[in-house]
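Residue-level listing of the chains:
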Amino acid sequence: MWGRLQRTEHVLRVPARSMHRFAVLAKQTAASPGCKRPGSCRNGRRDVALRCIASLVEGKQHQQRFTQRTRPRREGLVRWNSAAEASAVKINEKTSREKILTLESMNPQVKAVEYAVRGPIVLKAGEIEKELRKGIKKPFTEVIKANIGDAHAMGQQPITFLRQVVALCTYPNLLDSPSFPEDSKKRARRILQGCGGNSLGSYSASQGVNCIREDVAAYIERRDGGVPADPDNIYLTTGASDGIATVLKILVSGGGKSRTGVMIPIPQYPLYSAAISELDAIQVNYYLDEENCWALDVNELRRSLNEAKAYCNPKVLCIINPGNPTGQVQSRKCIEDVIHFAWEEQLFLLADEVYQDNIYSEECQFHSFKKVLYEMGPEYYSNVELASFHSTSKGYMGECGYRGGYMEVINLHPDIKGQVVKLLSVRLCPPVSGQAAMDIVVNPPVPGEESYAQFIKEKESVLNNLAQKAKLTEDMFNKVPGIQCNPLQGAMYAFPRIFIPSKAIETAKAHEMAPDLFYCMKLLEETGICVVPGSGFGQREGSYHFRMTILPPVEKLKIVLEKVKDFHIQFLEEYA
């Protein structure tokens, strides 16, 4: 009977709790001695078995009519074959074991990573947004995420020409459309010709599309007044962050007191501390001078370096210019001093220059480290190892989602260049659409081209608007008792210093929170404004800050600043 059932593959759906009885009954029926002559009653025994099964199912169906509304029905699909008995018995058995990956067994370097820009304050903001959508009443109607420099999320409009070229590259059939200007089509065709199969969907070389790297090199030469740039030193990246992490990964080595130390500014952009933690390198802090508009003092660099030599091998110096979160723009003299210090101490320089278009103070000018290094003479230019970074995410473009970027690395040892390409090849290539967006940043319309007038109008509108908001933010913060804000010379953030009363500090400690995190959490819960506490960026002991982007539209920014003012005054009164 069992062989016949296996061949016909009868499939029955039976309540799971009845399966064991089901299997035992069927087995007993098949084994019962109906005739003395072997095999003579095979068909009869099979029919008896099936009738028993049908009877059992019918009885269960009657029972289920009374139980299906009070508890969920669990069913199993039984295929009657040679393994039916075992599967029927074991179908409901639950086995459990310890997880392989736990907080105790995970990579400790990953667990040590912190990224305040999307930390606990942002998670709380997400929870509040869900509550608002459910109709839960709050003292506000929306959460304003002023925690991150995401321009388009804050309402900034894309640059038309950039989007036109990327659209043409993405859907080449549009190249025949009269709706697109010829200069955008010209750039799109050039990019597509550099792609495998003339498609943005193909992999590129790990270093990036060759013609785009050529355009980046040409841009650097124009920006730096003719300082030569070699496309072979250009690496297209997934945003600037990818390039920074890649260079740090290659630089970190050694153990104990020989472990690589990485000097970073405090306050800093948390990418650096996160990457250092992940690589198990040593973070070496140097402090910017808040009393002098967040200036970089070489004496502070020397203090930091000398102290670090006692416990690590400092060999990397990171500079953010214009500053994030502090918004300062370094003078040429300051950059010269930093380069001389790096040359003297044999430090590898990382220059994060993603805000190079965001200069608002008339007294300030952007100077690239590459240009100043070249102009300091061959003794410096031929020896100081420098990696410079740029991105599509900031500036006037604000194209964060494309994840486009590049790094230029000069004076690398020839053997190391191969190692960089090898490391980059592990992730195959950066997004080719992001590479195309980066190309338009470095190869925009020029005078005489069809799209130039509109491009310049849009670019200047964005930058003038940001300059207006930078001044507005500085002025309004400095009118609030207990808030002090340095001039926002560049970038797109304010980093005001806030006074927190001792009573509030004690309350924060009772909640096991940093005082400025406590402040920012209350600001979020009472106003819906999400900012990042200064402790997430680093600050001198006993000082408190928060970082807030200036990206919201002017009218909304005024509302945000008024709400912060009212909250701060009330906070001081509550904890006086």
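So, here is what we can say about the structure in this document. (Residues numbered from 1 in each chain as written. Predicted model: local features only at pLDDT ≥ 70, side-chain atom pairs only at ≥ 80, totals over all residues. Heavy atoms only, no water.)

Moving on, we come to the nonpolar core. In this structure, L162, L350, Y406, F477, F546 and M548 are the most contacted members of the largest nonpolar core, which totals 122 residues. Looking at which domains feed residues into this core, each of domain 1 (110-155 + 455-575) and domain 2 (160-442) supplies at least three. Not counting chain neighbours up to four residues away, the residues in contact with L162 comprise M397, E399, Y402, A437, I440 and V441. A308, V338, F341 and L347 belong to the second largest nonpolar core, which has 32 residues in total. (Core = buried A, V, L, I, M, F, W, Y, C linked by side-chain atoms within 4.5 Å. Buried < 20%, exposed > 50% of the residue type's maximum accessible area, 1.4 Å probe, protein only. Domains from an automatic or database assignment. Contact = heavy atoms within 4.5 Å.)

For the coordinates displayed, the defined rule picks out four cavities of 30 Å³ or more. Lining the largest cavity we find P265, P267, Y286, L288, L296, I319, I320, G323, N324, T326, Q328 and Q330. Considering only residue class, the lining of the largest cavity consists of seven nonpolar, five polar and no charged. (1 Å grid on protein atoms, 1.4 Å probe; cavity = no way out; pocket = protein on both sides within 12 Å on 5 of 7 lines; lining within 4 Å. Points joined across faces, edges and corners; volume = space filled by probe spheres on them. Nonpolar A, V, L, I, M, F, W, Y, C, P; charged D, E, K, R; others polar.)

Attention now moves to the side chain of K185. Note that K185 resides in helix α8 (residues 182-193). Not counting the four nearest positions on each side in its chain, K185 is found in contact with L168, L174, L175, D176, S177, P178 and F180. (Helix = DSSP H or I, 4+ residues; strand = E, 2+ residues; numbered from the N terminus.)

Time to look at helix α6 (residues 120-133). Relative to the 20 Å expected for 14 residues at 1.5 Å per residue, α6 spans 20 Å between its end C-alpha atoms, a close match to the ideal helical length. For α6, the full list of buried residues reads I121, V122, A125 and I128. Projected onto a plane normal to the axis of α6, the buried residues spread over an arc of 110 degrees and lie on a single side. α6 presents L123, K130 and R133 as exposed residues on the side facing more than 90 degrees away from its buried surface. Packed against the buried residues of α6 are α20 (515-527), β14 (529-530) and β15 (532-533). Remark: G135 follows α6 within two positions and exhibits a positive phi of approximately 90 degrees. (Expected span 1.5 Å × (residues − 1). Arc of directions from axis to C-beta.)

In the segment running from I266 into P267, the intervening peptide bond is cis, with an omega of 5 degrees. Note that P267 resides in the loop between β5 (260-266) and α11 (271-278). Here the bond from N324 into P325 is cis, since omega is 20 degrees, no more than 30 degrees from zero. As for its placement among the helices and strands, P325 is situated in the loop between β7 (313-320) and α13 (332-345). Within the chain, W294 stands out as a residue other than glycine whose phi angle is a positive 60 degrees. In this fold, W294 is placed in the loop between β6 (282-287) and α12 (298-308). On the basis of relative accessible area, W294 is assigned to the buried category, the value being 4%. The backbone of Q346 shows a phi angle near 55 degrees, a positive value even though the residue is not glycine.

Another aspect to go through is the sheet that holds β7. What links the strands of a sheet is backbone hydrogen bonding, and the strands pair in either a parallel or an antiparallel sense. Ordered in space as β4-β10-β9-β8-β7-β5-β6, the seven strands form an open sheet in which the pairing is mixed. Each edge of the open sheet is held by one strand with a lone partner, namely β4 (234-238) and β6. On average, adjacent strands in this sheet sit at an angle of 25 degrees to one another, irrespective of strand direction. Pairing geometry for β5 and β7, over four bridges, is parallel. When the sheet's bridge partners are listed, G261 is paired in β7 with P314. Against the sheet, helix α10 (residues 239-251) contacts β4, β5, β7, β8 (348-352), β9 (386-391) and β10 (404-410), and its axis sits at roughly 115 degrees relative to β4. Packing against the sheet, α11 makes contact with β5, β6, β7 and β8, and its axis sits at approximately 160 degrees to β5. (Pairing = 2+ DSSP bridges. Axes fitted to C-alpha atoms, helices over the stretch in contact; angles between N-to-C directions.)

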